[in-house]
4 protein chains.
Amino acid sequence: MQYATPLPAYLVQRYHGWKATAYNDNKAWYKRLANEGQHPRAMVISCCDSRVHVTSIFGADQGEFFIHRNIANLVPPHKPDGDLHGTSAALEYAVNVLKVAHIVVLGHSNCGGVKGCFDMCSGAAPELEEKASYVGRWMDLLRPGYERTADIADPAARTSAMEREAVLVSLENLMTFPFVRDAVESEVMTLHGLWNDIGEGDLEQYDPAKKVFVKV
Amino acid sequence: MQYATPLPAYLVQRYHGWKATAYNDNKAWYKRLANEGQHPRAMVISCCDSRVHVTSIFGADQGEFFIHRNIANLVPPHKPDGDLHGTSAALEYAVNVLKVAHIVVLGHSNCGGVKGCFDMCSGAAPELEEKASYVGRWMDLLRPGYERTADIADPAARTSAMEREAVLVSLENLMTFPFVRDAVESEVMTLHGLWNDIGEGDLEQYDPAKKVFVKV
Amino acid sequence: MQYATPLPAYLVQRYHGWKATAYNDNKAWYKRLANEGQHPRAMVISCCDSRVHVTSIFGADQGEFFIHRNIANLVPPHKPDGDLHGTSAALEYAVNVLKVAHIVVLGHSNCGGVKGCFDMCSGAAPELEEKASYVGRWMDLLRPGYERTADIADPAARTSAMEREAVLVSLENLMTFPFVRDAVESEVMTLHGLWNDIGEGDLEQYDPAKKVFVKV
Amino acid sequence: MQYATPLPAYLVQRYHGWKATAYNDNKAWYKRLANEGQHPRAMVISCCDSRVHVTSIFGADQGEFFIHRNIANLVPPHKPDGDLHGTSAALEYAVNVLKVAHIVVLGHSNCGGVKGCFDMCSGAAPELEEKASYVGRWMDLLRPGYERTADIADPAARTSAMEREAVLVSLENLMTFPFVRDAVESEVMTLHGLWNDIGEGDLEQYDPAKKVFVKV
């Protein structure tokens, strides 16, 4: 690989600062994590968005959460066709190897991926409909969420509703994986749907009895 | 979705603690991030492993890094076939929409995904060869890394070398995406390959001149 | 302008060194910054003093901080009289155009401007009282800080206290600008008062509850 | 001051990292700087812009440059009227107290202040003409630069030329200060005009013989 270049100096400096402080103070824990392996209690599926920090919100330290991050925190349905499925691979590893006790799907406000899906489905972004659009094809997963919010006229309100639908679609798809369903039905694992308002710092969770998201 | 259950109490409690402290102290920044959108400088591709915290190592806060996390920090090659490609979608969004200046691939020690690949390729884990194994099919991406380390007899040493190969394979595959290659060749984006020793806290970066990883 | 002369050779040499190394390695980031514009998270108001490097202390790189530097890191009160106000102009641009989330006022030990203010107010430097003294008139801004430290007999201790008062006076004056007050009260911007001990490397921040500066 | 709030955690973390590494490694120098005072060789007048780092470009360390930063690196003319003049105060201190050997005015590309001046003078930003606009009144200093570039039709080219005019206007105004003129004419201080292309990393200096800026 002839293309790799040296890390920017400010990151090198910050890394050395971390090594001399946070690492040095917690060396024992890091060594134990390396020697004994990880035993995360939960898998979190969140968005790549730079504004979403699940470890920060939940005060989590190294070793607590197995975290998969993709565009719009989406889980595709089970499809064991021998092709590449990065999200499904992460899921399989978390459930079957690490045996996590919880899977948390964390959506968020101001999601660019969901906005793209809305634009695509409403005809405002035809380029996302193209076969070659990775983002478009990925956001196809949320089309059911677009359909289910058809009665919301205001675009901003509908997009916000679609962000919560992204969580629900993922929860539904999670249950199509036999190993997820087995773990849930044998009560060794639970599923959780969350939505974070970035600006307000609010956290809502899906309440299946009321069929709405309510503030935590 | 009838399967979602309430968030465990300890997470609810920690969330409320975060809201009252870190969020409250930094409300201004969160509101700005929500109102003005994200402008992350770099995309980081790291492993889902609970022991790898890129924001911690680099003293990064909300808004700095667009982070994709999957098993073994792998990037598949460009393949615009209209199928679902979560990693490629994240990449497309980071490069074309967010216009990040850097893509950092961060590998790490004690990687379970890489260990699985070694076991699969060396015949010790035939179940990973099955079509239905999501982890196996995903780790197929690292088969070239297994081949290239054939001269290392010691399994632990070979696995450790394969962890660095996972970074190199990803860097190679990154360059198969036309939008990545264009950004790199027009010098508006750089690629960086890192490997983190979890227990020792060391950080190594790939030096393309010497063709080895060297300590930062 | 007939008076400009060529740059000293040592600076030319260092510039070429920077161009060949730091610039070259980070070209992508510099190009992005030029093409996409700046999005600094904070404005920092610090002293011109050659010993104060805010970017160094905070591991900040190009693009992170919008920095105004003047004698003794002072902010004058709001006075929209149509005259020239360099500090107020910087402030207006940072808050209204760049929409920074934080304003940090960074004072420091051994400040020559503050020492001058002490000498002027205590009668030891009558020349600074003259109308024609730019430094004297500028340091008039800190007279309230001289008055408020009247109970400290030791000159060195009083000067050190006045360095912290310079930070407080600036914070008070900041709140006289309607656009600053609006941003603070609508919780989209926060104010921070810091004092750096140059020799010891300590950093203190003002705690409004305790009404003292405490070590970070 | 009841409005100050605690420093964001990521800055606290980075500061501690700096203290444990860069400060710790250079403690002797910081202590000496504190005990013996500063003896900077040059004063630099640059823009507040987050993309301009004069210490980086010139490989300067703590103690080398006395740095004043304001919008568009402008120096107003000498006007000892007893009013507040922050830039003139910095200048007076640098020349009369610190006795710097050089004053460097560093302009740069993509300057928002200069762009504002162009918009104001060309009628596109009437709000900047208002008495209450601090940025507008400050940028009045550059009106001569707008007039002198009247023959450049292309707005981008004219703005770029005005960025260099900002340096020349400042150099001209510098010579209106008696203490600057004395130091220059008695050959104990030199003036330098620079312009930095942020994206390309180029540095140009004003050549008074050719009356143009040429690459360093």
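Computed from a predicted structure; not experimentally measured. (Residues numbered from 1 in each chain as written. Chains lettered and ligands numbered in written order. Predicted model: local features only at pLDDT ≥ 70, side-chain atom pairs only at ≥ 80, totals over all residues. Heavy atoms only, no water.)

Caption draft 1: Region of interest: the overall build of chain A. Along its length, chain A carries nine helices and six strands. Over its C-alpha atoms, taken along the principal directions, chain A stretches across nearly 55 × 45 × 40 Å. Looking at chain A as a whole, 62% of its 216 residues are labelled buried. By sequence separation, contacts in chain A at least 24 residues apart represent 61% of the contacts at least 6 residues apart. For chain A, the separation between the mean place of its 21 positive charges and that of its 27 negative charges on side chains is 5 Å. (Helix = DSSP H or I, 4+ residues; strand = E, 2+ residues; numbered from the N terminus. Buried < 20%, exposed > 50% of the residue type's maximum accessible area, 1.4 Å probe, protein only. Contact = heavy atoms within 4.5 Å. Lys, Arg positive; Asp, Glu negative; His and termini not counted. Charge placed at Lys NZ, Arg CZ, Asp CG, Glu CD.)

Caption draft 2: Here's a closer look at the interface of chain B and chain A. Tallying the contact residues gives 98 residues for chain B and 98 residues for chain A. Regarding the contact of chain B and chain A, the summed buried area is about 8,800 Å², with carbon and sulfur atoms giving 61% of it. Put simply, chain B and chain A have five salt bridges between them. Here Glu64 of chain B and Arg14 of chain A are joined by a salt bridge, their closest N and O atoms 3.0 Å apart. For the pair chain B and chain A, the interface holds 53 residue pairs in polar contact (both at pLDDT 80 or more). If one sorts the elements of the side of chain B that touches chain A by residue count, helix α1 (residues 9-25) of chain B sits on top with nine residues. Among the residues forming the side of chain B that touches chain A, the class breakdown is 48 nonpolar, 30 polar and 20 charged. (Buried area = accessible area lost by both parts, 1.4 Å probe. Salt bridge = Lys/Arg side-chain N within 4 Å of Asp/Glu carboxyl O. Polar contact = N/O pair within 3.5 Å; in protein donor to acceptor, adjacent residues only side chain to side chain. Nonpolar A, V, L, I, M, F, W, Y, C, P; charged D, E, K, R; others polar.)

Caption draft 3: Seen up close, the relation of the copies chain B and chain A. Aligned on chain A, chain B shows an RMSD of 0.1 Å; the corresponding rotation is 180° and the shift along the axis is 0.0 Å. Taken together, the rotation and translation describe the operation of a two-fold axis. Among all residues of chain B, the one whose C-alpha sits closest to the rotation axis is Arg69 of chain B, at a distance of 2.5 Å. (Least-squares fit on C-alpha atoms with pLDDT ≥ 70 in both.)

Caption draft 4: Representation of the interface of chain D and chain B within the structure. Listed by partner, the interface residues are five residues for chain D and six residues for chain B. With both sides pooled, the region where chain D packs onto chain B buries about 480 Å², and carbon together with sulfur makes up 43% of that total. It is Tyr10, Gln13 and Arg14 of chain D in chain D that bury the most area against chain B; as a group they hold 65% of the surface buried on that side. Between chain D and chain B we count one salt bridge in total.

Caption draft 5: Expanded view of the side chain of Gln205 of chain C. Along the polypeptide, Gln205 of chain C turns up in strand β5 (residues 202-207). Among the polar contacts listed, one links the side chain of Gln205 of chain C to the backbone nitrogen of Leu7 of chain D, at a separation of 2.8 Å. Not counting residues up to four positions away in its chain, the partners in contact with Gln205 of chain C are Gly193, Leu194, Val212, Phe213, Val214 and Val216 of chain C together with Thr5, Pro6 and Leu7 of chain D.

Caption draft 6: Main features of the packing of aromatic side chains. For the coordinates displayed, the defined rule picks out 40 aromatic pairs over all chains. Taking 5.9 Å as the distance between ring centres and 65° as the angle between the ring planes, the aromatic pair formed by Trp18 of chain C and Tyr30 of chain C counts as edge-to-face. Owing to a relative accessible area of 6%, Trp18 of chain C belongs among the buried residues under this scheme. Each member of the aromatic cluster is reached from another via a ring pair, and the members are Tyr15, Trp18, Tyr23 and Tyr30 of chain A. (Phe/Tyr/Trp six-rings, centres within 6.5 Å; stacked < 30°, edge-to-face > 60°.)

Caption draft 7: Representation of helix α8 (residues 155-174) of chain D in the model. Here α8 of chain D contains 20 residues, and its C-alpha end-to-end distance of 28 Å stays within 8% of the 28 Å for a straight helix at 1.5 Å per residue. The buried fraction of α8 of chain D is high, at 15 of 20 residues. (Expected span 1.5 Å × (residues − 1).)

Caption draft 8: Structural detail: the pairing of strand β6 (residues 212-215) of chain A. All names here are of chain A. Summarising the sheet, strand β5 (residues 202-207) and β6 pair through four bridges and their orientation is antiparallel. Its bridge partner lying in β6, Tyr206 is registered against Phe213. Taken together, β5 and the strand that follows it, β6, pair antiparallel across an intervening segment of four residues, in which Lys211 is found at a positive phi of about 55°. (Pairing = 2+ DSSP bridges.)

Caption draft 9: Representation of the pairing of strand β3 (residues 102-108) of chain B within the structure. All names here are of chain B. The buried count for β3 comes to seven of seven residues, which makes it a mostly enclosed element. Because side chains alternate across β3, one face comprises the buried residues His102, Val104, Leu106 and His108, and the other comprises Ile103, Val105 and Gly107, equally buried. Bridge count between β3 and strand β4 (residues 190-197): seven bridges; the pairing is parallel. Counted as the bridge partner of Val105 is Gly193 from β4.

Caption draft 10: Up close: the UniProt feature "binding site: Zn(2+)" (unreviewed entry) in chain A. Residue and element names in this part refer to chain A. Listed under "binding site: Zn(2+)" (unreviewed entry) in the UniProt record, and renumbered for this structure, are Cys47, Asp49, His108 and Cys111. Over a stretch of 65 residues, the named residues converge on one spot in the fold, their C-alpha atoms separated by at most 9.0 Å. Its location among the elements puts Cys47 in strand β1 (residues 42-47). Here Cys47 is in contact with Arg69, Asn70, Ile71, Ala72, Asn73, Leu106, His108 and Cys111, once residues within four sequence places are set aside. (UniProt positions renumbered as here; feature names shortened; annotations may be inferred.)

Caption draft 11: Broad picture of unusual backbone geometry. Located in the positive-phi region is Asn73 of chain A, a residue other than glycine, with phi close to 45°. Within the secondary structure, Asn73 of chain A is located in the loop between β2 (65-70) and α4 (86-97). Backbone geometry places Lys99 of chain B, a non-glycine residue, at a positive phi of 55°. Note that Lys99 of chain B resides in the loop between α4 (86-97) and β3. Taking relative accessible area as the criterion, Lys99 of chain B reaches 33% and is therefore assigned partly exposed.

Caption draft 12: Molecular detail of the environment of His85 of chain A. Within the element layout of this structure, His85 of chain A appears in the loop between β2 and α4. Taking the C-alpha atoms as reference points, His85 of chain A and Ala72 of chain A, 13 residues apart in sequence, are found 16 Å from one another. Those residues in contact with His85 of chain A that sit more than four places away from it in its chain are Lys79 of chain A together with Tyr134 and Trp138 of chain B. Of the polar contacts made by the side chain of His85 of chain A, one reaches the backbone oxygen of Lys79 of chain A; its length is 3.4 Å. For His85 of chain A, the side chain forms a polar contact with the side chain of Asp81 of chain A, separated by 2.9 Å.

Caption draft 13: Local environment of the environment of Leu74 of chain B. Residues and elements named next belong to chain B. Within the fold, Leu74 resides in the loop between β2 (65-70) and α4. Separated by 69 residues in sequence, Leu74 and Arg143 place their C-alpha atoms 12 Å apart. Setting aside residues up to four positions removed in sequence, Leu74 forms contacts with Thr87, Trp138, Met139, Leu141, Ala166 and Ser170.

Caption draft 14: Examining the domain arrangement of chain A more closely. Residue and element names in this part refer to chain A. In terms of domains, chain A is made up of domain 1 (1-36) and domain 2 (38-215). At the junction of the two partners, domain 1 supplies four residues and domain 2 supplies five residues. Between domain 1 and domain 2, a total of about 370 Å² is buried, with carbon and sulfur atoms accounting for 48% of that surface. Counting every contact that joins domain 1 to domain 2 gives zero salt bridges. Summed over the shared surface of domain 1 and domain 2, the number is two residue pairs in polar contact (both at pLDDT 80 or more). For the side of domain 1 that touches domain 2, the per-class residue count stands at three nonpolar, no polar and one charged. (Domains from an automatic or database assignment.)

Caption draft 15: Structural detail: the pattern of salt bridges. Following the criterion strictly, the structure yields 62 salt bridges over all chains and no others. Between Lys79 of chain A and Asp81 of chain A there is a salt bridge whose closest N-O contact spans 3.7 Å. Classification of Lys79 of chain A by relative accessible area gives partly exposed; the value is 46%. Since its relative accessible area comes to 26%, Asp81 of chain A is described here as partly exposed. A salt bridge links Arg41 of chain C to Asp61 of chain B, with the shortest nitrogen-to-oxygen separation between them at 2.5 Å. You can see Arg41 of chain C sitting in the loop between α1 (9-36) and β1 (42-47) and its partner Asp61 of chain B sitting in the loop between α3 (54-57) and β2, one on each of two chains.

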